[in-house]
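Okay, here's what each chain looks like letter by letter:
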Amino acid sequence: MWTLTGVFLWAQAQKAPDTIVFKAKMGDVTYTHKKHVDAVKGDCKACHDKLFPQSKAPINFKAAMHKKAEAAKSSCAACHVAGGTSFASKGNCQKCHEKGGAKG
Ligand code: HEC
Ligand code: HEC
Ligand code: HEC
């Protein structure tokens, strides 16, 4: 059972998606996987498996409006945090959360 699951996940890992949509009441978030891979010059290890296990499991970013992840520098907030390589949550909700259905 364990082995079969492992093979299944490995087979899935062959294909990296261009975008991944995270559903949120605040407005869905379209994550640009492809752009992010370019931003780290193709280094998959910048995110896998430490930050994201490629498992479709919850990414654990939303707690306390991202403040928990920012405090722990985990999930998206490993980079999206004050002093990180990209913009933090504060004041930038609409850079990630779409408003009224259109990606802004
Ligand atoms: C770097 C991108 C990013 C920014 C900036 C951002 N969010 Fe999010 N937000 C997400 C993602 C991705 C999720 C889904 C996380 C998950 O499933 O764990 C989410 C989820 C949420 C949720 C949970 C919604 C639900 O349906 O449970 C809330 C509330 C939220 N964000 C509020 C905010 C607020 C308020 C701001 C601005 C202060 C903000 N977010 C800025 C990416 C972002
Ligand atoms: C900047 C962060 C980041 C980088 C770099 C990155 N990924 Fe991802 N990747 C994610 C996130 C976030 C997810 C969604 C959460 C999850 O499945 O763990 C994901 C999911 C995946 C998935 C599963 C998709 C699905 O439908 O479940 C595959 C396959 C994947 N990445 C492959 C790659 C490959 C190959 C590379 C290097 C070329 C790479 N990733 C680099 C963030 C990244
Ligand atoms: C390894 C570092 C890293 C991680 C992890 C990461 N990002 Fe980013 N992100 C960046 C960089 C670098 C940029 C480009 C620089 C900028 O625009 O500030 C960026 C840009 C963005 C943008 C604006 C450009 C675009 O692609 O539309 C959004 C939205 C975004 N990230 C959302 C997310 C979400 C959601 C997550 C978690 C699922 C996440 N990021 C995880 C580094 C990261």
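Heads up: the structure comes first, above all this text.
This write-up is about the structure you can find in this document.

This part is about the coordination of the iron atom of ligand 1. All of the protein donors around the iron atom of ligand 1 are His66 (NE2) and His97 (NE2); their distances to the metal are 1.9 to 2.0 Å. One can describe the donor arrangement at the iron atom of ligand 1 as octahedral, given that its six donor atoms subtend angles of 84 to 180° at the metal. Note that His66 is positioned in the loop between helix H2 (33-39) and helix H3 (67-72) and His97 in the segment after helix H4 (93-96), a separation of 31 residues in sequence. In this pair, the class of His66 matches that of His97, namely buried.

Overall, the coordinates contain one salt bridge when judged by the stated rule. Asp28 is the partner of Lys23 in a salt bridge, and the nearest nitrogen-oxygen pair spans 3.2 Å. By relative accessible area, which is 18% here, Asp28 ends up buried.

Neighbouring ligand 1 are 18 residues; Lys25, His66, Cys93, Cys96 and His97 lie closest to it. In the environment of ligand 1, an oxygen atom lies 2.6 Å from a nitrogen or oxygen atom belonging to the backbone of Lys25. Within the backbone of Phe61, a nitrogen or oxygen atom sits 3.1 Å from an oxygen atom of ligand 1. A breakdown of the residues in the shell around ligand 1 according to their chemical character gives ten nonpolar, six polar and two charged.

The rules we used
Residues numbered from 1 in each chain as written. Chains lettered and ligands numbered in written order. Predicted model: local features only at pLDDT ≥ 70, side-chain atom pairs only at ≥ 80, totals over all residues. Heavy atoms only, no water. Donors = N, O, S within 2.8 Å, 3.2 Å for Na, K, Ca; no water. Tetrahedral: all angles 85-135°; square planar, octahedral: opposite > 155°, others 65-115°. Helix = DSSP H or I, 4+ residues; strand = E, 2+ residues; numbered from the N terminus. Buried < 20%, exposed > 50% of the residue type's maximum accessible area, 1.4 Å probe, protein only. Salt bridge = Lys/Arg side-chain N within 4 Å of Asp/Glu carboxyl O. Near = heavy atom within 4 Å. Polar contact = N/O pair within 3.5 Å; in protein donor to acceptor, adjacent residues only side chain to side chain. Nonpolar A, V, L, I, M, F, W, Y, C, P; charged D, E, K, R; others polar.

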